[in-house]
Structures are given as structure tokens and as C-alpha cells.
Amino acid sequence: SSDSVLLAAGFLNATRLSLSDFGACARELVRLRAATATLSGAVPQRLGFGGAARFSVAATRLAQTDENSDPAAISNGGLRSSRPSLCTVPGVGAKPTKELSGQLLRVHGAYGLHSFSHEEKAAFANYLSFALADDADLAHAQLLPISSENLELFEKVRDGVILCKLVNLAQADAIDERAINTARRLALRVGSSATSLSLFQTTENHNLAISAARAVGCHVINIGASDLMEGTPHLLLGLVWQLVKMALLSSVNLQVHPGLAVLLKAGEELPALSALPAEHVLLRWLNWHLEQAGFNQRVKNFGKDLADSLAYTVLLHRIAPASIGASLAPLTEPNVLLRAQTVVKTAARLGDVAFSIGAADIAQGNEKLNLGFIAALFNAAPGLELLSAEEAVRLETMAAERLALEASELARAMAGASSMAERERILNESREERAFRMWLNSLSLERFVTSLFVQVTDGFVLLQAMDKLQPGLVDWKGRVNRRPRTVYEQVENNNYAILLATSPLTAFDKGGATARMSNIGGAADALAGAAGFGLSLVGVGGKDLYDGNRTYILAVIWQLMRFHLLNFIQLAFDRQRLAQSLSPPGRRSPDSSSGLLSPGGRAVRAAARRFTGLKKGAPMGEEDVLRWANEAVARTGSKRKIESFRERSVCTGRFLLELLAAVEPRSVDAALVQPIEWDLIRGADPEACALNAKYAISCARKMGCSVFCLWEDVVEVRPKLVFAFVAALMARQLEL
């Protein structure tokens, strides 16, 4: 119990604990848990994962992966955190026994039983070793290669460097490499080759990887840096798979391979093919090769339809060069496993197959591994050069014309604008669409949004986003058409979304902060009894959203995003006010010692006092966020200040970097900041501005901020997205 821990640590009667005292209690709690686990004798088998993370693992033979018991087996599902139990076990190094092969490893955690596949872990380890083989930072730290035979993967990712590199594989330049804490960079700084990352630097790396993964579209729910540092298997493998899948599928599109236009069906146009998910394009590509080979079988999934290896055999015979010696002879082989072994050996001779799997994975119909394997085969040898020269030229011309048409749409719209303000509005729409799409995907909606102006027209995405912001607000049974097919059903959904958006916040109007504070501590951060969002959408109707009116769509989503940011900050202030009202008179709050706070923390406390002094129930506004930012920077001794989020000097990134240093002084390396200033006449060096903007975004993500803008948005000073950046920092400061 907590009393026994406090008694053992000598702090039973303490009313407040210092940081060192808390650490003593935590160490005592770990010791007691370990002793209890040792005495219980309930752990059937223990395998070490290194460091502070120790897991009890029981291997259970299963014929194939069960997605209901394996959260990591869901290809694009959300990740949910659970703390593993602690116990004293041998360290990493000993290989698992042979009976682990072909099994599902079960991890006994504090909140239940979690599973992960040994085969999937091995495939991910091999992919990382192949794809990151030339990275100098990983070579210096001796993090590669990663053994696929044991549990070394969970140990190698503990410093977060591999995960950050993997995010950049999934989407180029998603992370500024200068922001990654690596042993090589640290060694150059201190002049030693034996340096290792501190706990703070490791935490920063994991925060950076998680925030960047969320920004590029991964579903990451309730997972923190500690989960990755401890090597929690099902959480780590789930995140790794999403990034690996994104990296493998990144080139399965018409932009990279115009020859994919050959997959067009009768009457189908290129835009329809471009809109297909990459997985569907891969299936079309595979079936097209089967059709061209005169093979009657068609593949509809990445599981059982591939288990007999017949489709693989025909595919390799089609795409492999003659020197590889891919034969159709395995088609007559009666043994499915031997046929799969031939497929694996033939694929290995291609040389550039980044994602390799075993014969048993094919025979068992592992959908996840088969998807990765087919994507790797496509990347290594798409086989589209088998087209005739005339047909290849025609298809490439079609794809090029379509790409040119898409690229010129913005230019034509800009040329048709009647004023400078109109041209700026059109350009803003293009920038904001990307940021708002990233924000929607971070909410872990059922649909992954790839085309904002197309996918929101039926109202379902908007209603899901509203339900995420205020759980229970949307009447799913009585008012929503979950699969709208007709125009009437889609407009009806949009009308309901507009109604919820414009309806007043009942609890806010009637009870203000009191109503909000009554909901603090609940499962959701929604306003108690809220009837809507209280947004101002004059002249916007459901038909406008159905028609794809870009201006109105962006207006609705921007106000929802703004509500999300400001509501989070407001609720945090309400928590502070509630805590102060419940504390005994005369007793200082735990954070009242301003000497222990960063400049950003002291500015937040000043903002909290101002907010408390405002009229009861007054809403938080953008001016409050701007005032906090200026005060936080001023408290560092800097004279830098901005009058609004539109100020051109923001383009240098200097103000944002100083604000980051005010929130967490260790997050920014001053040596990496470009010393540029904005000049009213000459402006500023665009390359230096870009470097500072990229570094600022990565530093914010290192702190755990959810930042959805791109570096271009900072350099071009998009006021909405600059505000979102600063508001995310303020929200993060309130969490610290």
C-alpha cells in the first residue's frame, strides 16, 4: 500500500515531498513490487528487455496472429498504453528458445495481457537494419545491425534515435536531424567517444518521434516517451509498423511511377486511380501481372489468398530479371511450405528487397508481413517496363498531363485573382489544408483524411471530429447517417454539423468556469452539458460543405481547431483555480516557488492570475496567448516582441526559438540558431529562415507539443498556424 511505501521510505507523516523524496518513494515502491513478484512465483518464464523495463513473457503457440488479442497486429489502429509489471530478470543477450518461432509472445502487464508476434518483430528488425544501414549516427552508436533472432530490437530503440530516423524514412524531412540527440553529436561537442545520452535527452528523442509520427498521420493514442524507453512490446511494434508501412508505400503512386496508369479500368480516369489507398493500388498491380501472365487466380487480400504462394511465384517470374532465374516450376510443388521457401529465396536474389519475411509467414497468411513484402517487391522491381515503348510513352504522358493540370490549378486560381488579398487567400487555403488535415488525423478518426476537400463533404468526418472534442455531443443513433449515399443524406449530415458548431455552449453561458470545473477529473475534457461549440459561421450551410466550398470548409475546421487549443488551455487554468479553491487557507500551492519555474512557467502563472481576475466565465482568447508568449520571452531577458501573429519578423524563427527556450531552456541549442534579423527593406535570408523554422518545429516536438504546421508556414507567416504553434507551446507549459 502507499502507507507502507511511505513508512519504508521514512515519509509517512510528510505533507509535501521534494523531488528527491519522491524518488526515494518511487525506488522503494519498485523494490517492494520486485520482491512481491519474486515471492509469488507466478511468472512462468522471464526474458530481459534491459534497463528499467523488465517484462514477464509467456510464449504460447498459436497457429496465426489473432488481432483481437494483439493490438500491434492492427495495421493502422490506435495505440493504447499500459504499464508492464516490474520484476528482476536476467539481462538481454540470451537468445529465446527455438519454440518461440511461429508463436505469439504474451506480455503480462499491470493492466492485462498483451501479445506481439515474434515473426513481425524479426521482420521489423531486418527492415531497420537494411533501410538505415548507411546512417552515420547509428553506426557511431553501434545500433545496427539489429538481430532478428532475439529481443535486441527493444533494447536498440531505447534512446529514440532509430525511431526518429524511421520517421524521416516514412516522410522525408519530417524531423530536423539537428534536433535529434545522438551520441555522435554529443561526442563531437564534449570531445569524447564514450558519451551516452542522458535520460532527459532520451526522453526528448522519444517525444520528437511520437509528435512527428502523429503529425505525419500515425495513430498514436495515450503513448508516451516512457513507454518507448521501457520497450513496451505491443506499443513499440505497433508504432514501428505504422512507420514501416508508410515508408514502404510512399512510392506506390502515380507521381513516382507514372506507369501505374496501366492499372486504369475501363471508363476510369487518373484522378480516381490517384485517390485509391496505396494498399488497393498494390492489389491492382499484383492482379494486373497475374492477368498479363494468363494466370486465372486473383488476389483479394494480403492473407489467405497468398498463403499457397502461387501468386507470388507468377509475380516473381514476371518482374524478376532473367539473370535471377525465377521459374514457374514451384507451381507444381505440392508442399506449400517448400513453395514458399522458393519464393523467399528468389526474392532474396533480387537484392533490393528491403522487407523480407519467412516462408512460414507466407504459408500462415500473415497479412501485415505480406503487405510489407509485396510493397518491397514493387519498390525493387515494379515490372512496368514490360509495356511496349508506345504504350509506356502514352501512359507516362497521361500521368504527366494530369500532374501538370493539378500543379497549374493553383497557378490559374492565383492568376484569376482580382487582388493581392485574393491571391493571398488562395495560397493560404493550400497551406492550411495540409495543417488541418494533419490535425484531423491526430484525433484518430475512423477515416484517415488524405484529401480534405473531398472527404469532408459527406459530414461524417466533421461529426467525428466534433465528437472527439466533446464526447457524447453527437447523436449518432438519431441524427447521423453513418454511410451516406444520397445527396440528401450527405447534406443532412452537414446541416447537423453546422447546427452543432453554431449552437451555444450551454454550460459556459449559464455556469461559466464553475460548470467546467465540475467536469475536471472526468474521462473527457469536454464542457459539462455543452450543446454545441458556439462558433461563428455566418452564411455557411450544409449544402456549401457538400459542394466542396473550400473557403467554408476551412473556416469550419479552423474554428474547431482553435476551439480545441483554447479550450485545453482554459480547462488547465480552471484546474489551477479549482486546486487553489480546495487548498487550505494560508497554504501555498506546490508550484508557488517561482524560482523553480522556467520563464515560460512564471509567465503562465502570471497569465493564470490575470485569467482568474477576469469576469467569471470569460473565454480565453488569442490575445491572451500572445500576451503570454511576449511575457515568457521577456522574462528570459530578451527584448524581442511581436505585436500580432501576422508580424513579418516571425519569419526568422528567432521569436519562436526564444519562446521554446523560455518554456524549456534545455530544448534549444543556441549554437544551431541562425543569427538573422528581419529588415523592413531587405527582409531576411530565406535559407536561414528555413533552417530556424525547421529547427523550431522539431524542438517543439521534442518537448511533446503537437505541432501541425510546416516550416513554410512559419517562413511565410501564416497567422493561424503561427497561433496554433504558440498555443500548443502554452498548452505544453501548462502540462509541465
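Parameters at a glance
- Residues numbered from 1 in each chain as written.
- Predicted model: local features only at pLDDT ≥ 70, side-chain atom pairs only at ≥ 80, totals over all residues.
- Heavy atoms only, no water.
- Helix = DSSP H or I, 4+ residues; strand = E, 2+ residues; numbered from the N terminus.
- Buried < 20%, exposed > 50% of the residue type's maximum accessible area, 1.4 Å probe, protein only.
- Contact = heavy atoms within 4.5 Å.
- Areas by Shrake-Rupley, 256 points an atom, 1.4 Å probe, with all protein chains shown as cover.
- Phe/Tyr/Trp six-rings, centres within 6.5 Å; stacked < 30°, edge-to-face > 60°.
- Lys NZ or Arg CZ within 6 Å of the ring centre and 35° of its normal.
- Salt bridge = Lys/Arg side-chain N within 4 Å of Asp/Glu carboxyl O.
- Expected span 1.5 Å × (residues − 1).
- Polar contact = N/O pair within 3.5 Å; in protein donor to acceptor, adjacent residues only side chain to side chain.
- Axes fitted to C-alpha atoms, helices over the stretch in contact; angles between N-to-C directions.
- Parallel < 35°, antiparallel > 145°, perpendicular 65-115°, else oblique.
- Nonpolar A, V, L, I, M, F, W, Y, C, P; charged D, E, K, R; others polar.
- Arc of directions from axis to C-beta.

### With respect to the overall build of the chain
When its secondary structure is counted, the chain shows 31 helices and four strands. Taken over 736 residues, the chain has a buried fraction of 51%. Across the chain, contacts joining residues at least 24 apart in sequence account for 67% of those joining residues at least 6 apart. Within the structure as shown, the chain displays about 33,300 Å² of accessible surface, and the carbon and sulfur contribution to it stands at 53%.

### Some points on the packing of aromatic side chains
Tallied over the full model, the rule gives eleven aromatic pairs. Considering the side-chain rings of Phe124 and Trp241, the 5.8 Å spacing of their centres and the 15° angle between planes classify their relative orientation as stacked. Of this pair, Phe124 sits in helix H3 (residues 118-131) while Trp241 sits in helix H10 (residues 233-249), and the two are 117 residues apart along the sequence. Judged by relative accessible area, which is 0%, Phe124 ranks as buried. A relative accessible area of 1% places Trp241 in the buried class. Sitting over the ring of Trp288, Arg318 keeps its end group 5.7 Å from the ring centre. Positioned above the aromatic ring of Phe200 is the side chain of Arg666, whose terminal nitrogen or guanidinium carbon lies 3.7 Å from the ring centre.

### Some words on the pattern of salt bridges
Should the charged atoms of two oppositely charged side chains come close, the side chains can pair. Tallied over the full model, the rule gives 22 salt bridges. In this structure, Glu433 engages Arg437 in a salt bridge whose closest nitrogen and oxygen atoms are separated by 3.0 Å. Of this pair, Glu433 and Arg437 both sit in helix H18 (residues 420-442), separated by four residues, roughly a single helical turn. On the basis of relative accessibility, which here comes to 11%, the residue Glu433 falls in the buried class. Note that Glu677 and Arg640 form a salt bridge whose closest N and O atoms lie 3.0 Å from each other.

### Points about helix H8 (residues 199-215)
The periodicity of an α-helix, 3.6 residues per turn, causes residues three or four positions apart to be oriented the same way. Helix length check: H8 (17 residues) gives 24 Å between terminal C-alpha atoms against 24 Å at 1.5 Å per residue, within 8%. Burial within H8 is extensive, with 14 of its 17 residues counted as buried. Taken from the residues just after H8, Gly217 is the one with a positive phi, measuring 115°.

### Thoughts on the side chain of Asn366
Relative to the elements of secondary structure, Asn366 occurs in the loop between helix H15 (359-363) and helix H16 (367-380). A polar atom in the side chain of Asn366 sits 3.2 Å from the backbone nitrogen of Lys368.

### Some thoughts on the packing of helix H12 (residues 278-292) against helix H13 (residues 310-319)
One way to put it is that H12 packs onto H13 with a least axis distance of 9 Å and a crossing angle of 80°. Comparing their axes, H13 and H12 come out roughly perpendicular. Residues Trp285, Leu286, Trp288, His289, Leu290 and Gln292 of H12 pack against Ala311, Val314, Leu315, Arg318 and Ile319 of H13. Looking at the contact of H12 with H13 residue by residue, the class counts come to eight nonpolar, two polar and one charged.

### Structural notes on the side chain of Arg732
Along the chain, Arg732 falls in helix H31 (residues 719-735). Sequence-distant contacts of Arg732, defined by excluding residues within four places in its chain, comprise Met703, Gly704 and Cys705.

### Points about helix H7 (residues 183-190)
For H7, the set of buried residues is Ala183, Leu186 and Ala187. Axial view of H7: buried residues confined to an arc of 100°, hence all on one face. Exposed and facing more than 90 degrees away from the buried side of H7 are Leu188 and Arg189. Summarising the contacts, the buried residues of H7 are in contact with helix H4 (136-140) and H8.

### Details of unusual backbone geometry
A cis amide bond links Leu144 to the next residue, Pro145, at an omega of 0°. With phi around 55°, Gln142 is a residue other than glycine that occupies positive phi space. Relative to the helices and strands, Gln142 is located in the loop between H4 and helix H5 (152-156). For Gln142, a relative accessible area of 64% translates into the label exposed.

### Overview of the environment of Pro258
Within the element layout of this structure, Pro258 appears in the loop between H10 and helix H11 (270-274). Under the relative-accessibility criterion, Pro258 is labelled partly exposed at 23%. Between the C-alpha atom of Pro258 and that of Leu384, which follows or precedes it by 126 residues, the distance is 9.3 Å.

By themselves, these observations are geometric and do not establish any function.
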